[in-house]
Each structure stands twice: as C-alpha cells, then as structure tokens.
Number of protein chains: 2
Amino acid sequence: MQATVVTIGDELLIGQVVNTNAAWVAQRLTDLGIEVAGLVTVPDMSEAIQSELGRAIAASDIVIVTGGLGPTHDDITLSAVAEYFGVDVEFDADLFERIRKRFERRGLTVPESNRTQAMVPTGFEPLPNPVGTAPGLWYEFESDGRPKRLVVLPGVPMEMRTLMTDEVLPRLSRQERLPPIVYRTLLTAGIGESNLQEEIGPMEAYLDAGLKLAYLPGVRGVRLRLTAYPGRDVEALKRLDELAEEIKVRAGKYIYGEGEDKLEAVVGRMLRESGLKVALAESCTGGRIAGRLTDIAGSSDYFLGGVVAYDNTVKVEVLGVSSETIETHGAVSRHVALEMADGVRHRLKADIGLSSTGIMGPGGGSEEKPVGTVWIGYADGQSAGAVKIMLAGDRDGNREQATTIALNLVRLRLLKRKH
Amino acid sequence: MQATVVTIGDELLIGQVVNTNAAWVAQRLTDLGIEVAGLVTVPDMSEAIQSELGRAIAASDIVIVTGGLGPTHDDITLSAVAEYFGVDVEFDADLFERIRKRFERRGLTVPESNRTQAMVPTGFEPLPNPVGTAPGLWYEFESDGRPKRLVVLPGVPMEMRTLMTDEVLPRLSRQERLPPIVYRTLLTAGIGESNLQEEIGPMEAYLDAGLKLAYLPGVRGVRLRLTAYPGRDVEALKRLDELAEEIKVRAGKYIYGEGEDKLEAVVGRMLRESGLKVALAESCTGGRIAGRLTDIAGSSDYFLGGVVAYDNTVKVEVLGVSSETIETHGAVSRHVALEMADGVRHRLKADIGLSSTGIMGPGGGSEEKPVGTVWIGYADGQSAGAVKIMLAGDRDGNREQATTIALNLVRLRLLKRKH
C-alpha cells in the first residue's frame, strides 16, 4: 500500500515556507503502515496540479493533496481536481450552512467569497472543517482496475492536521490491514559517521529486504535508523531487536538514547539520579552548553549555573584561573580547561565542573592551534581530565558539536562513576 | 529558466526529518530569477532516483539533487546517477588527497570507507567540500537538444549550503541573465504582528501586481517582506524603495535591520562603535543571550562574558544580589533584575550589564506570576531600568523571544545614548 503526498503552493516553491505539512502527513501514514513513496510540491497552476495528480495516481494507491483550497482567487485546487476527473462542481447547501453558522457564532456575516468554500466536485465526499472554512474532500475511485483514494485538504497546518486526525486517518486505518513498518533510531554522540561504521563493522549478515540500517549524520551526533518491514519478512520485528542489541554490543558507549531522546535530557536524568549538581565554565561555546541544559524543564534540580568566561579577565577574576597558566600555555590548552572546570566547581559550590575553551573560527587560528581546536575540561572532586577535539565545520557547526561532545563527556564520566 | 529540486532520503519520506534543504535551495534559486517548478522527495532507492531524474531533466533546465552522498552503504545517489547516465565511476586521486588532508589536520587517519567519497562519475566535475568529506558534483549536458545542468550535493544542511553558496550559485548566476524578482526584508523586534500592522497602517495605495508586502511572524521578530516584480511593472524597483522608506517612517524604531542581518550582529556593531563592553546575568534565558552574542565572530571585542545564575545561590554569591531582595520581591521581579544587571556589570568590570529573570514553563507559574512572566534588566552607569514582558509561547519559544527582547533592549538604549 503506497501513498504520494502532493503539496500545492507557490510559497513553498520560492522557499518562503518550509514544508512541515508533508513531513507531518508522511509520519502519520508511516505509523499506519502505509509506505510513502514520494513527496511532491507543485505551484498554484491548474496544469501542474493535474499533471502531478495523474502521476501520483498512477504510482500509488493513496494520494493526499494539501493546499490551495481557500476562498481567494489564487486557490485553484478544487477546480483543477474537478477538471482532472472531468466532473462538475456543485454547491452544497448543508456545507454552506455549517460555514454560515461558524461566522454567526463569531458575530460575523459570511463573506460572499466564502460561497466557494461550499463547492464540491460531483461524487466527492466533503469532510467538514471544524477549525476553518475550507472543507476537505474524500474520493474513492478505480484506475487501471485498482481501487484508489484521493484526499484533498486545506494547507493551513492546524486545519490540515485536524482533518487528518479526525477524518482521514480513522478511515484509512479502518480500510487498511497492513503490518506497519517499524523503526528504531539509536542516537550516538562523540563519534563521526565513518568511525562509527568502522566501530560497528559489517552488518550485511543482519540486513536484507526485511531489515535496513541507515546512518544519519548531524551536528548533534550520528543517528542510526533501523527499519523492519514485517510485511516482507514475518521475522523482521524479532530481528530488529536482535540488530539493535548487536549494535549496542559493538558501539554501546557511543549510544546515549533512542528515538526522540535528547542528550541534554539524558545527562539531566543521570545527574538527577546521582544527586550531583553541575556548573559550567564556557569560553568557546559561549553559553550554548548552559542553553542546551536549560532547554529541559526542571533542569534547575541539577544545574546551578555557569560562567561564560569569554574574556580572559573573566577566566582569571571570576573563575580563578591563574594568569601564568594562560601566559604559559595559552587560553586554549589542557591546563586552562582544567583550571576553568575546577574553578567554576569551587566558585559555584557544584559537584561537577565542566569547561570549554577553543577556537571556533573563522579567524583566530594559528599553525599550532588551528581553527577547530577545542579543549573540554571536567572536574568532579574524585577525578579531573580534559579532552582535545579537532572540529572541521563552520563556526556554528563547531559550537554545536563542541557542546554535544561536552555534554557527552559528562554522560561518559557519570557512567564510569556508576561502575 | 526552470529548476527542479530533488531531495533523497527515507528519513524525509517517513516524516522523521522536515525538508528544510528544499526550501533553502528554492529560495536561493528564486533570488537568482530561476523559477522553481517542482520540489520532489524520493527514497534511497536507485530505481526511484533514476526515474525521478528522468522526469526532472525532461521538465526543467536545472536539476538540483541533495542527499545520499555519504560514505556508508545506504548512500546510493552517486551510483544511481552514474547508472542513469550510463557512465563509470572513477577514483579521483586529487579529491582523495584533499579528504585525507582533512582528516590529517585533525590528527586522524582517513577511514577506508572514505575512499568512496573520492569516486566521481565520468564527465562530472567534483566540487570539493570544505566542511565535510562528500564532494558535490556539477554536470553539463544536452537532452532533447537543450542544454541542461545537474547538480548533486550532500544532504547535511551545512555542507549543502556551503557548496551552494561557494560553488553552485556563482556558476548559475554567471550563466543566467534573467530579470530577477527583487526582495527586501525589513526585520523588526519588540512588537507583535498585529500591533506592527496597526503601527504601519494601510498600505494599499502602494501595492499592486508589481509590488507586494507580507508580514512573516517568528520568535525572533516579525519580518516584513517587500517584493518587486520588475517584469510586471518597470517602475516596481523604484517604488520598492519608496515603500521601504514609508514603512521606516511609520515604524522605524522597531526595525533593526534588513535581509540577512542578525539582531545580535547589529547590537554587536553598535557596541563596537560605542566602545562599550557588555556582560550578562542570565537566569531564565539560561545562556541563550550569551549564545546569540557569541554566534558572531569577533564578539570578544565587546562581549566580556556572563554569569548564568540559574540557582538563587549563584545570584547572591557570584552576582551580589541581596538575599533580602529575593525574599521580599521574589527572584522574578524588577528589583532582582536590576540587581543582577548592576551586579554583573561590577563583577565583570563591564560598561553595560544586561539581565534576565523569569518563568519559562511549563511549570513554576503562580496566579501573581504566571508562566511567561519575564523581567529584563539593564544598567550602564548612566541609567538603569527593567522591563516586564509577558510571553505566551512554549518553553523554547519563550526563551528565544525573551532573548530577542533583551538584545533589542540594548539596541534601543544605545540608540538613546547616541541622541
């Protein structure tokens, strides 16, 4: 059972709006076990809409169209769909009454332009819109001897989501009886894509049409997506879990979570469980580690605060880093990272001090310390240490990666303390 | 001159990732005056990629493909493209040497799997990737007697954007000579969409087919997009500037910049010009103001550092806020905001102290101080003050909005000092 999602709108083609609708619809269809074969965006032009309708209907069983159903002159989806199927568009008095009442409840008279919102192509079933005026449309038909379904929805995200949730998804799930495709996503930090692949090693023995593995790199770490197709192999679900376990055996220390887990939330949970409080001394990450930690509601339970020691005087005067250390080794050095971590730990009376100092670019590098050189320091009273990382992205990517590696360092240290 | 953007990746079809790449590329092509005729997403399957390549090449002059160029087994774009054109894939020794050096600079050995990153289809020109390993590809050819261009880029947004900006867009703009659509975007902060609209008032007299105005709200402020279509009206470009001037007359104090300007860069420029140094005392923004300021390269010229005073003990012991003030007025109060701003100013020997204290949610609110209550404090030796804001978003949106308003407060104060 395959679906194509067609989004209509010039605003998408000029890049003014990011197409969140397509991803949302795709995720809901996937959850039902319907395979999304393609996502397509076309302009508000009848010819383009009709041409894409033809392709999408030929290629898939279900076609979901969103956008271009509003009351203004540039909304032409309805007429394009009717023209494609060669049917008339009829005024639906019941539908118009619902729209009229919607306006009345708000003390308004329905504008004349809204009569178009009650027009329905012959043979289509209107799906009343509880949060807007444009109704959705549901159409079942045959093409090339196969049953097909066409769904047309407004493009306003809230209206589209409401109609999908209330009307479309229940209908599809009643009609389909498909074993859903199942995903697991293992989240890693502190290792690049190719090194992770070497760490995990060949996985061909596990993979086939029923089971797939994909590496998805990003500045917050590489995600491993495992996909099982129980429709292709009844053992796939069992083998999915075996694959996940095998990957954990081979690369477990890099895996901090699964699915929608966030590294800062995982670290936060570990801190809360351990009863330890953390403080930060950030130079090159400039507040980003604090920002990530405090993204999590309730982080005040384990995060005391931090010092953004951008200027060296702040490192010396607030954190107590020795001027001599800075002079001898430079601000970007193991020694300064260690003194910063230890300094903030004492200054803020924390259990754990975490620090960053580095050169994020684009300027400021030297032969000895090129752009991308970063030291992350850690001190918790029992142990202290600093790791050097060499980053190769732009300023923003480097800052985000250094932040991720710093948070991951706390995770690794807390794991060690446990054992 | 028409283009199709093809993004490749199962993660997009299951809705795990929102396709921001397509919108970014579409916007850049539109800016060059190239009409984007379609955006298409296909799975990591050779057959689907080749079939879409055929359609896109037939339908447009320029095809931009992103995704599936990495070093792992699920990256099949390169082989699919080569197979489509019936050409071999060759090892490019120069390219591999660049990749090897990239690893070497970071003290690493290039993994064997990265040899695939130096494979180039015969006749294609590799575009070296300065921020990653996968190169882009540029290919000029003829189809149906018309010149065509195919561009293949990695899917990691930072890498795709760098290659587009450095290599692809300059080539395309050298080759095309089209009357471009012209945009101006005025950036505002510190005012909501509907209040801004009231401030600006009716603009119908200025607008027609040749000139358009759109309000684009976001957590970093409302953007005003002005669009001129010189192809529809030869006067449009001149009238565009008149419209921008009129808007500045009506709402100038809210406008901090234009186009790609960033508020933190504008504030940074003003600080640099004034010779004043700023320090931060952040509670509810948790390091985000520092993060925004230090996003800008060279910010060390005017940003000394800050204290993330999440816990009240940090407010008292590091910033010198009086415990009595906290007890009497609560941590979220005008008094504490003022003492934080003044405290960090003294502690870090800065000219300007800026502070935030508030309740970001979802928990922690009370009847008297509901979630969304935030105080921003400011002190510069000449004057001091605090503003209260009431935010209504989620935790993340509230934090970003409070950060924007805090930065904007510095801008407004510096403007006043000037006059």
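Structure: see above.
Summarised in this report is the structure supplied together with it. Given the structure is predicted, the values throughout are model-derived calculations rather than measurements.

Conventions and cut-offs
Residues numbered from 1 in each chain as written. Chains lettered and ligands numbered in written order. Predicted model: local features only at pLDDT ≥ 70, side-chain atom pairs only at ≥ 80, totals over all residues. Heavy atoms only, no water. Contact = heavy atoms within 4.5 Å. Salt bridge = Lys/Arg side-chain N within 4 Å of Asp/Glu carboxyl O. Polar contact = N/O pair within 3.5 Å; in protein donor to acceptor, adjacent residues only side chain to side chain. Helix = DSSP H or I, 4+ residues; strand = E, 2+ residues; numbered from the N terminus. Nonpolar A, V, L, I, M, F, W, Y, C, P; charged D, E, K, R; others polar. 1 Å grid on protein atoms, 1.4 Å probe; cavity = no way out; pocket = protein on both sides within 12 Å on 5 of 7 lines; lining within 4 Å. Points joined across faces, edges and corners; volume = space filled by probe spheres on them. Expected span 1.5 Å × (residues − 1). Buried < 20%, exposed > 50% of the residue type's maximum accessible area, 1.4 Å probe, protein only. Arc of directions from axis to C-beta. Pairing = 2+ DSSP bridges. Axes fitted to C-alpha atoms, helices over the stretch in contact; angles between N-to-C directions.

**Quick notes on the interface of chain B and chain A**
And step 1. The partner chain A presents 73 residues to the 74 residues of chain B that form the contact.
And step 2. Taken together, the links from chain B to chain A amount to seven salt bridges.
And step 3. We note a salt bridge from A:Lys349 to B:Glu317, for which the minimum N-O separation is 2.6 Å.
And step 4. Taken together, the links from chain B to chain A amount to 32 residue pairs in polar contact (both at pLDDT 80 or more).
And step 5. Mapped by element, the contributors of at least two residues to the side of chain B that touches chain A are helix H1 (10-13), helix H2 (20-31), strand E2 (35-42), helix H5 (93-105), helix H10 (288-294), strand E14 (303-308), helix H11 (312-317) and helix H14 (395-418) of chain B.
And step 6. Residues belonging to the side of chain B that touches chain A are distributed by class as follows: 34 nonpolar, 21 polar and 19 charged.

**Side note on empty space enclosed by the protein**
And step 1. Following the criterion strictly, the structure yields two cavities of 30 Å³ or more and no others.
And step 2. A:Asn19, A:Thr41, B:Asn19, B:Ala22 and B:Thr41 are, among the 16 residues lining the largest cavity, the residues nearest its centre.
And step 3. Elements represented by at least two residues in the lining of the largest cavity include exactly helix H2 (20-31) and strand E2 (35-42) of chain A together with H2 and E2 of chain B.
And step 4. A breakdown of the residues in the lining of the largest cavity according to their chemical character gives twelve nonpolar, four polar and no charged.
And step 5. As a volume, the second largest cavity reaches approximately 30 Å³.
And step 6. Around the second largest cavity, the lining residues are A:Val267, A:Leu271, A:Val278, A:Leu280, A:Leu293, A:Leu354, A:Leu407 and A:Val410.
And step 7. Of all the secondary-structure elements, those providing two or more residues to the lining of the second largest cavity are helix H9 (263-274), strand E13 (278-282) and helix H14 (395-418) of chain A.
And step 8. Tallied by class, the residues present in the lining of the second largest cavity amount to eight nonpolar, no polar and no charged.

**Re helix H3 (residues 46-59) of chain B**
Residues and elements named next belong to chain B.
And step 1. In a regular helix each residue adds 1.5 Å, so 14 residues correspond to 20 Å; H3 covers 20 Å between its end C-alpha atoms and thus fits that length.
And step 2. Within the span of H3, buried status applies to Ile49, Gln50, Glu52, Leu53, Ala56 and Ile57. Seen along its axis, H3 keeps its buried residues to an arc of 165°; they face one direction. When the buried face of H3 is taken as reference, the exposed residues oriented beyond 90 degrees from it are Glu47 and Ala58.
And step 3. Those residues of H3 that are buried lie in contact with strand E1 (2-8), E2, strand E3 (62-66), helix H4 (77-85), strand E7 (136-143) and strand E8 (146-153).

**A closer look at the sheet that holds strand E11 (residues 223-228) of chain B**
Within a sheet, neighbouring strands are paired by backbone hydrogen bonds and run either parallel or antiparallel to one another.
All names here are of chain B.
And step 1. Strand order in this open sheet of four strands is E10-E11-E9-E12, and the pairing throughout is antiparallel. In this open sheet, the two strands that pair with only one neighbour each are strand E10 (211-216) and strand E12 (255-258). Strand after strand, the sheet turns through a mean of 20° between neighbouring axes, direction not considered.
And step 2. Across six bridges, strand E9 (residues 182-188) lies against E11 in antiparallel orientation. Its bridge partner being in E11, Tyr183 is matched across the sheet by Thr227.
And step 3. Sheet strands in contact with helix H7 (residues 193-200) are E9, E10 and E11, and its direction is about 145° off that of E10.

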